[in-house]
Amino acid sequence: MKAIVITEAGKPEVLQMTERPKPHPSANEVLIKVEAAGVNRPDVAQRKGVYPPPADAPQDIPGLEVAGIIELVGDSVTRWKAGDQVCALVKGGGYAEYCTAPEGSCLPLPASLSFVEAASLPETFFTVWSNVFDRANLQPGESLLVHGGSSGIGVAAIQIATALGSKVYVTAGSDDKCKFCEQLGASKAINYKTQNFAAVLKDLTSGMGVDVILDMIGGDYTSDNLNTLALEGRLVLINTMKGKDVQIDLGLVMAKRLNITGSMLRARDVGFKSAIASSLENNVWPLLEQGKVKPVIYKVFPVQQAAQAHELMESSEHIGKVMLSFD
Ligand SMILES: NC(=O)c1ccc[n+]([C@@H]2O[C@H](COP(=O)([O-])OP(=O)(O)OC[C@H]3O[C@@H](n4cnc5c(N)ncnc54)[C@H](OP(=O)(O)O)[C@@H]3O)[C@@H](O)[C@H]2O)c1
């Protein structure tokens, strides 16, 4: 099969198309003929050599989410059969013509979505569900602040949380991105390049603060995040793009009874991911079917142009998802 591999750690051009043996599914896995794959920020970190894949994942083929048609199923697979159309969260190996996925990490292709649209869902939807709804326990009627509102993660979080009854605030790096986030459902998008989000949110919430913050930035955002949280607020970290070493006021954590948490999805086991898949199928797939939550695709590249797709992602010009398609 054809696959994009990371030939060495480095710039986007280290991504090269090559021939690889077709993978074989183990007992609890399916083999997917990949029609489309999503590009995610962690793929960029892996390509740079700063985010090594788990030992049991393909080591040099990036790609954490795919959509396509099941070609073969392992001996103990019960739900799926050859010919089924699915999207799947995978530990790696998505930038290839064929990819294996655990049975429980696959979800049915939502009605009326294309393969490209469906492939844009797993990585961000699993991450948002697991962190915002499971770890931070966001409830209807509560408020959520999402940093990086125009990211793949951000556009998923805005739509899911709004559809499930929360008020969503976001930060983003341009007025155009802010406008887009508000059109998607955010009640206020703050351009962090021109305004301090903590000051704006203090005004907007009359000093009460927000219940949950989904943060991928870390660094100097952290003290503003803690100041912006309401009593019993929850800060959930999924990356630290501005740095992981910070100083915080522990007195504030005690006084406001705050919860600081975070997680990394990729290395979690099959059972953990299957449970998230079930929650998504029950709670979010109906929203996709009803059109209340929609994929946000910024640009689709033919898989041969994976390097250009990474260049676009690193430019941060995009809003929503950058995708790869297979002919
Ligand atoms: N923990 C997990 O399990 C997990 C899983 C998936 C993704 N993630 C993380 O979630 C984040 C979003 O992923 P994604 O694939 O949705 O990424 P993405 O679409 O590339 O979005 C990242 C956005 O963050 C904004 N940003 C703000 N400060 C930044 C900085 N210092 N450096 C780079 N970008 C900055 C940029 O938009 P602006 O113009 O607004 O600055 C950029 O477009 C990434 O950090 C990723 O590593 C974590």
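Residues numbered from 1 in each chain as written. Predicted model: local features only at pLDDT ≥ 70, side-chain atom pairs only at ≥ 80, totals over all residues. Heavy atoms only, no water.

A.B. asks: Even after reading the chapter, I still don't get the site of the ligand, so can you show me in this structure?
C.D. replies: Around the ligand lies a shell of 24 residues, among which Arg 41, Gly 173, Lys 177, Tyr 192 and Asn 239 are the nearest. Side-chain polar atom of His 318 to an oxygen atom of the ligand: 2.8 Å apart, as the coordinates give it. Compared with its free state, where it exposes 910 Å², the ligand has 89% of that area covered by protein. Secondary structure elements with two or more residues in the shell around the ligand: helix H1 (41-48), helix H3 (122-135) and helix H4 (152-163). Here the shell around the ligand is built from residues that sort into 11 nonpolar, nine polar and four charged. There are two domains that each give the shell around the ligand at least three residues, and those are domain 1 (2-121 + 266-325) and domain 2 (125-262). (Near = heavy atom within 4 Å. Polar contact = N/O pair within 3.5 Å; in protein donor to acceptor, adjacent residues only side chain to side chain. Areas by Shrake-Rupley, 256 points an atom, 1.4 Å probe, with all protein chains shown as cover. Helix = DSSP H or I, 4+ residues; strand = E, 2+ residues; numbered from the N terminus. Nonpolar A, V, L, I, M, F, W, Y, C, P; charged D, E, K, R; others polar. Domains from an automatic or database assignment.)

A.B. asks: Help me out: how do you make sense of the environment of Val 200 in this one?
C.D. replies: Locating Val 200 in the fold gives a position in helix H6 (residues 197-204). A residue is classified by how much of its surface remains accessible, and Val 200, at 13% relative accessible area, is buried. A sequence separation of 122 residues divides Val 200 from Thr 78, and the C-alpha atoms of the two residues are 51 Å apart. Non-local contacts of Val 200, meaning those with residues more than four positions away in its chain, are made with Ile 190 and Gln 195. (Buried < 20%, exposed > 50% of the residue type's maximum accessible area, 1.4 Å probe, protein only. Contact = heavy atoms within 4.5 Å.)

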